[in-house]
Amino acid sequence: QVQLVESGGGLVQAGGSLKLSCVASGNMFAINAMGWSRQYPGQRREVIAAIDSGDNTDYAKSIEGRFTITRNTARNSVYLQMDNLEPTDTAVYFCTAAFLRDEVQYYSPDYWGRGTQVTVFS
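Below or above, wherever it landed, is the structure these notes cover. Each residue is numbered by its place in its chain's sequence as written, counting from 1. Local features in a predicted model are, by the rule used here, given only for residues with pLDDT of at least 70; side-chain atom pairs are given and counted only at 80 or more, and totals for whole chains, interfaces and linings are based on all residues. In computing side-chain values, all of the structure's heavy atoms are included and hydrogens and water are not.

### Focus on the overall build of the protein
A run of DSSP states H or I qualifies as a helix once it reaches four residues; a run of E qualifies as a strand once it reaches two. Both are numbered from the N-terminal end. Each helix and strand counted, the protein has 0 helices and 11 strands in total. Over its C-alpha trace the protein gives a radius of gyration of 13 Å, about what one expects of a compact globule, namely 14 Å for 122 residues. Projecting the C-alpha coordinates of the protein onto the three principal axes gives extents of approximately 45 × 30 × 25 Å. Burial status follows relative accessibility: with a 1.4 Å probe on protein chains alone, a residue under 20% of its type maximum counts as buried, one over 50% as exposed, and anything between as partly exposed. In the protein, which comprises 122 residues, the share counted as buried stands at 41%. Contacts: residue pairs with any heavy atoms within 4.5 Å of one another. Considering only contacts within the protein whose residues lie at least 6 apart along the sequence, 57% involve residues at least 24 apart. The protein chains shown are the only cover counted for residues, whose accessible areas, like all others here, come from Shrake-Rupley with a 1.4 Å probe. For the protein, the accessible surface area stands at approximately 6600 Å², while carbon and sulfur atoms represent 46% of it. Charge convention: Lys and Arg are scored as positive, Asp and Glu as negative, and His as well as the terminal groups of each chain are ignored. In plain terms, the charge of a residue is placed at NZ if it is Lys, CZ if Arg, CG if Asp and CD if Glu. Between the centroid of the 10 positive side chains of the protein and the centroid of its 12 negative side chains there is a distance of 6 Å. Each radius of gyration reported is based on C-alpha atoms, and the globular scaling rule is 2.2 Å times the count of residues to the power 0.38.

As structure tokens, this is what we get:
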């Protein structure tokens, strides 16, 4: 099994930046891609960023090119640099992992962290 633990969430002023981190543990042999999703209250979780073993990336339209996903495979870690944050970015952010069988734009999470809250105020 795979365990994912997020950190780095918090309260930030609009226009500011935040960096989320995630470390994975357990059996990583079947994992070749990781990503981030977010969830508004009462809404479905949305994949916002994904990265594969070749460092190919895919982003959701909703983040408007403001976020950057990176990965350190040796450390079993993935990061999300969030810049120019807006109040609409307020959500719970989840680290995810998957065995990707196609291009990164088809990323679909198989494993989930427990989430970290990001709150952006104006």
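Let's pick the thread back up.
### Considerations on unusual backbone geometry
Positive phi is not limited to glycine here, since D55 has a value of about 65°. For D55, the position within the fold is in the loop between β5 (46–52) and β6 (57–59).

### Description of the packing of aromatic side chains
We describe a pair of aromatic rings using the distance from one ring centre to the other and the angle between the two ring planes. Only centres within 6.5 Å qualify two rings of Phe, Tyr or Trp (six-membered ring in Trp) as a pair; their planes then separate them into stacked at under 30 degrees, edge-to-face at over 60, and tilted for everything else. This structure, assessed with the given rule, holds 1 aromatic pair. With a centroid separation of 6.0 Å and 80° between ring planes, the pair formed by F94 and W112 is classed as edge-to-face. Of this pair, F94 sits in strand β9 (residues 91–98) while W112 sits in strand β10 (residues 111–112); the two residues are 18 residues apart in sequence, bridging distant segments of the chain. Only when the NZ atom of a Lys or the CZ atom of an Arg is both within 6 Å of the ring centre and within 35 degrees of the ring normal do we say a charge sits over the ring. When the ring centre of Y79 is taken as reference, the NZ or CZ atom of K19 above it lies at 5.0 Å.

### With respect to the pattern of salt bridges
Whenever Lys or Arg places a side-chain nitrogen within 4 Å of a carboxyl oxygen from Asp or Glu, that contact is recorded as a salt bridge. What the rule picks out here adds up to 3 salt bridges. Note that E46 is salt-bridged to R38, the shortest N-O span being 3.8 Å. Given a relative accessible area of 27%, E46 falls into the partly exposed group. Given a relative accessible area of 3%, R38 falls into the buried group. In this structure, R66 and D89 form a salt bridge, with 2.7 Å as the shortest nitrogen-oxygen distance. Separated by 23 residues along the polypeptide, R66 in the loop between β6 and β7 (67–72) and D89 in the loop between β8 (77–82) and β9 bring together distant segments of the chain. A network of salt bridges, in which partner residues are shared, links R38, E46, R66 and D89.

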